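Examination of the molecular architecture
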Amino acid sequence: MARIKKGLIAVLVACMALSLTVPSVTAATAYAAVKTTNKNTVTIKFDANGGSVEKDRKNYSKGKKYGQLPSAQRNGYVFAGWFTKKTGGTEVVKTQKAKKSKTVYAHWFKKPAIIAHRGYRKNSCENSIRAMRDAVRMGYDGIECDVVEAANGNLYIFHDDTLDRMTGTNGSIYDLNFDNYMDYTLPDRTHIPRLEDVIATTRNMKHICLHIKGNGKADVLSADAQRKISDLLDKYGVRDKTTIILGRTAMQNLTELNNVEKCWTTLSSDPDFVRSMIRQAQEEGIDMIILNYAKQITAEGNQKDLVSYAHDHGVKIGTFFCNTKYLHKKMAEYGIDIEMTDGMSSF
């Protein structure tokens, strides 16, 4: 028994010796490691500034370029980049070198409404009922479609005056009647949709943009057709989210379709012309003007001022063909209200 006690005491003394010496060595080593790490790295904290970021801090090698910086997300906004101050400041970019630890802040642009131009067409064809369903499924804010009045007085969704490009058959879209419109098949094997089919499909979206193509005789609809549209808007409860898109002259003939947002289009990006158009829109109660290609707008370099000018006059600004993430970000930076895209699926 005495031997066992002596053995236990020896073991306890050895353990105590280890517990006293090992921590001191570990602490010294850890201190040296921290000191070395702090000397050679900087820590950047990422403040999402109302949004969210997957990792809110990251270590970078001191004196080296940042390289890829994290992205941030915020519902209803487009990420503008990381800046040295919460408001203002200078942008921090991946080519800059990490010099010292600091906090950077996300800046945001308000996101324009994203409209699927003629529907979402990646897996279907333009202006088809499938393209409209896909736009709803993909989470777009709204759709744009082309409205024509056929000889039978019915309203269909189709862009061209002739049938050949989309159906492979000869003839005019305006000659369709109730008996033969189902005979024409689009490339995605669906039929030319009626306006009511599209409104019923997209009624829960935020925006329904109806681009009026007319009846073949003029870029406007008959009074009867206008009343039919008005009845459909009331039937599906979408009047307050519907935009009627027309040229300036044709809009004057739109007499039976009231209490909807009205929009002009223009192919011109000349600043003086657009400013005069904005002033006229304000005078005539036009709610929005859709400018030409988004790519052309950024190339002009002065369209950001035009957007501000329009907003000062109570007129919204939209654009066609915003088909890249770069253009999407630029349109948000400019303050564009609505952008039409031909298939951008990530926004």
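Moving on, we get to helix α4 (residues 195-202). Those residues of α4 not exposed but buried are Leu 195, Val 198, Ile 199, Ala 200 and Thr 202. On its buried side, α4 packs onto α2 (129-138), β9 (142-149), β10 (155-157), β11 (207-214) and α5 (223-236).

Taken together, the side chains of Lys 64, Lys 65, Lys 97 and Lys 99 define a basic patch exposed on the protein surface. When you line up the elements, Lys 97 lands in the loop between β6 (91-92) and β7 (102-110).

Once that is clear, we can look at the sheet that holds strand β1 (residues 41-47). Overall, mixed pairing links the five strands, which are arranged β3-β1-β7-β5-β6 in an open sheet. Two strands bound the open sheet, and with one partner strand each, they are β3 (57-61) and β6. Along the sheet, helix α10 (residues 325-334) makes contact with β5 (77-83) and β7, crossing β5 at roughly 90 degrees.

Bringing the packing of α2 against α4 into the picture now. Where α2 meets α4, the axes come as close as 9 Å, and the angle between the chain directions of the two elements is 15 degrees. Considering their axes alone, α2 and α4 lie roughly parallel with respect to each other. Relative to α4, the crossing made by α2 is right-handed. Facing α2, whose interface residues are Ile 129, Met 132, Arg 133 and Val 136, α4 presents Asp 197, Val 198, Thr 201 and Thr 202. Split by residue class, the contact of α2 with α4 holds four nonpolar, two polar and two charged.

Turning next to the confidence of the model for the chain. In this model, the chain carries an average pLDDT of 86, and 86% of its residues clear a pLDDT of 70 or more. Ranking the helices and strands of the chain by mean pLDDT puts α4 first, with 98, and helix α1 (residues 2-40) last, with 45. Taken together, the stretch residues 11-36 has pLDDT below 50 and engages in one contact with residues farther than four places along the chain or on a different chain.

Another point: the pattern of salt bridges. Where side chains of opposite charge bring their charged atoms close, a pairing between them can arise. Evaluated as defined, the whole model comprises 19 salt bridges. Close ionic contact of Arg 165 with Asp 160 constitutes a salt bridge, the shortest N to O distance being 2.7 Å. Three or more residues are tied together by salt bridges with common partners; here these are Arg 118, Arg 121, Glu 126, Asp 146, Asp 160, Arg 165, Lys 213 and Asp 342.

Parameters at a glance
- Residues numbered from 1 in each chain as written.
- Predicted model: local features only at pLDDT ≥ 70, side-chain atom pairs only at ≥ 80, totals over all residues.
- Heavy atoms only, no water.
- Buried < 20%, exposed > 50% of the residue type's maximum accessible area, 1.4 Å probe, protein only.
- Helix = DSSP H or I, 4+ residues; strand = E, 2+ residues; numbered from the N terminus.
- Contact = heavy atoms within 4.5 Å.
- Patch = residues over 30% accessible without salt bridge, like charges linked within 9 Å, V, L, I, M, F, W, Y side chains within 5 Å.
- Areas by Shrake-Rupley, 256 points an atom, 1.4 Å probe, with all protein chains shown as cover.
- Salt bridge = Lys/Arg side-chain N within 4 Å of Asp/Glu carboxyl O.
- Lys, Arg positive; Asp, Glu negative; His and termini not counted.
- Charge placed at Lys NZ, Arg CZ, Asp CG, Glu CD.
- Pairing = 2+ DSSP bridges.
- Axes fitted to C-alpha atoms, helices over the stretch in contact; angles between N-to-C directions.
- Parallel < 35°, antiparallel > 145°, perpendicular 65-115°, else oblique.
- Left-handed = near helix turned anticlockwise from the far one by under 90°.
- Nonpolar A, V, L, I, M, F, W, Y, C, P; charged D, E, K, R; others polar.
- pLDDT = per-residue confidence, 0-100.

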